[in-house]
Amino acid sequence: MKFRTEIKLKDQESKVTHSDSILAIGSCFVEHIGAKLNQLKFDIDINPFGIIFNPYSIAKLLNNGLDNPIKLEEECDVLEQKGLFKSYDYHSKFNSTGYNEFIEKIDAQNLVTNSQLRTNSHLFLTFGTAWVYRLIEAGKVVANCQKVRQSEFTKELLNLNDLTEIYIQLFKKIVHANPTLKIVLTVSPVRHIKDGITENNQSKSVLLLLCKILADSFKENVVYFPSYEIQMDDLRDYRFYEADLIHPNKMAIDYIFEKFSQLFFDDTTLVLNKKIEKLTRLENHKFLSATKEEKKSHLLKIKELKKEIDEV
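Residues numbered from 1 in each chain as written. Predicted model: local features only at pLDDT ≥ 70, side-chain atom pairs only at ≥ 80, totals over all residues. Heavy atoms only, no water.

Brief notes about the pairing of strand E6 (residues 131-135)
Here is the rule: Here the rule is simple: two strands pair whenever DSSP picks up at least two bridges between them. Secondary structure elements are taken from DSSP: a helix is a run of H or I of four residues or more, a strand is a run of E of two residues or more, and numbering for both begins at the N terminus.
Pairing analysis gives five bridges linking E6 to strand E8 (residues 153-157), with the strands arranged antiparallel. Opposite Val132, over in E8, you have Glu156 as the bridge partner. Pairing of E6 with strand E7 (residues 140-142) involves three bridges; the strand directions are antiparallel. Within the sheet, the bridge partner assigned to Leu135 lies in E7 and is Lys140.

Structural notes on the packing of aromatic side chains
Definition in use: The pairing test for Phe, Tyr and Trp rings, Trp by its six-membered ring, is centres within 6.5 Å, and the orientation test on the planes gives stacked under 30 degrees, edge-to-face over 60, and tilted for anything in between. As a reminder, the over-ring test applies to NZ of lysine and CZ of arginine, requiring each to be within 6 Å of the ring centre and within 35 degrees of the ring normal.
Here the structure, examined in full by the defined rule, presents 18 aromatic pairs. Of the aromatic side chains, those joined through ring pairs into one cluster are Phe42, Phe124, Phe225, Phe257, Phe260, Phe264 and Phe265. Cation over ring: Lys155 sits above Trp131, and NZ or CZ is 5.5 Å from the ring centre. The ring centre of Tyr241 lies 5.8 Å from the NZ or CZ of Arg191, which sits over that ring.

Some remarks on helix H4 (residues 99-119)
The criterion, for reference: Working rule for helices: expected span equals 1.5 Å times residues minus one. Burial here depends on accessible area, computed with a 1.4 Å probe over protein chains only, as a share of the maximum for the residue type. Under 20% is buried, over 50% is exposed, and the range in between is partly exposed.
The terminal C-alpha atoms of H4, which comprises 21 residues, lie 31 Å apart, in line with the 30 Å expected from a rise of 1.5 Å per residue. For H4, the full list of buried residues reads Phe102, Ile103, Ile106, Asp107, Gln109, Asn110, Thr113, Asn114, Gln116 and Leu117.

Digging into the packing of helix H2 (residues 55-66) against helix H5 (residues 160-177)
The condition that has to hold: Only C-alpha atoms enter the line fits that serve as axes; for helices the fit covers just the stretch in contact. Angles between N-to-C directions range over 0 to 180 degrees. Geometric relationships in this document are graded by angle, where less than 35 degrees denotes roughly parallel, more than 145 denotes roughly antiparallel, 65 to 115 denotes roughly perpendicular, and other angles denote oblique. Rotating anticlockwise by less than a right angle from the far helix to the near helix defines a left-handed crossing, while the corresponding clockwise rotation defines a right-handed one. Residues are treated as being in contact if the distance between any of their heavy atoms lies within 4.5 Å. Amino acid classes used here: Ala, Val, Leu, Ile, Met, Phe, Trp, Tyr, Cys and Pro are nonpolar; Asp, Glu, Lys and Arg are charged; the rest, including Gly, are polar.
Across the interface, H2 lies against H5 with an axial gap of 10 Å and an inter-helix angle of 30°. As the angle between them shows, H2 and H5 are arranged roughly parallel. Judged by the sense of rotation from one axis to the other, the crossing of H2 with H5 is left-handed. Of H5, the residues touching H2 (which contributes Pro55, Tyr56, Ile58, Ala59, Leu62, Asn63 and Leu66) are Leu163, Ile166, Tyr167, Leu170, Lys173, Ile174 and Ala177. Residue classes in the contact of H2 with H5 are distributed as 12 nonpolar, one polar and one charged.

Brief notes about the side chain of Ser203
By the element assignment, Ser203 lies in helix H6 (residues 197-217). Judged by its relative accessible area of 1%, Ser203 is buried. Discounting residues that sit within four places of it in the chain, Ser203 has contacts with Thr129, Ala130, Trp131 and Leu157.

Examining the sheet that holds strand E5 (residues 122-127)
What holds strands together in a sheet is hydrogen bonding between their backbones, with the strands either parallel or antiparallel. One open sheet accounts for five strands, arranged E2-E1-E5-E9-E10; its pairing is parallel. What marks the edges here is a single partner per strand, and that holds for strand E2 (43-46) and strand E10 (222-224). Going from strand to strand, the sheet's axes swing by 20° on average, the running direction of each strand aside. One ladder, built from four bridges, connects strand E1 (residues 21-26) with E2; its direction is parallel. If you follow Ser21 over to E2, its bridge partner there is Asp43. Each of E5, strand E9 (182-187) and E10 touches H6; the most contacted strand, E9, lies at about 160° to it.

What follows is the structure, given as structure tokens:
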């Protein structure tokens, strides 16, 4: 008898190795997977613009980076609230006490993103929700409501056709700038049930269809990883969620990353990952009581393991 539906993954010819460079952008789920890659010493930049949930705002940030140099004042409004300068298009991590400082932070990050999109080996994008807030006065979709009262916004579901057009043009530009770039798309398994159960499913459907269209349209550059399906179907049980019944728990994230590893890591990388995990445990080990010889032996193990990792 079968008690679960295990997702069958299609093998990927393009693997991720420690010599690759990765830019990861999207919802909080990309932070979890990115953190695991970071712990395994992969070269990864995780959400340099902060957590971004909706694909429209992600595309806007990527376009800004790709088209750099741009000036923020030409692209979006800058707010001043209680002595802080901020923007509806950017995460609060960029908030500054001075206008020029705020502009310089954004321009500096756009320069970095520009370089990454043109030279990196991989771009990971995780879409969280297709529900967005539109600022009534300006008629623009925002990435960050910046704690402005809700009456200043309308809420709407992004249109699949509009998103498809935006991303087809964006990916054409990115691939033209970096023909060998591999783009890995995922839909976050985090349930946005504050929007409503039905509304969450509508949102995820838009995102899933968008990923399907993009993967089919850019077969040489774009692949889809089914993190959403693994959580919803393979791990169909609330024991794989945090107490809020919204976020996947550590066990679920570990399982999804294991599936990711099977798909994107070759044998050499898998062996190297195990050595790095062992090295991390050794380096983090705290002696409650140990002789000089035991400490010396411990340091020798670390040294030898580092040498093995360097050789790989």
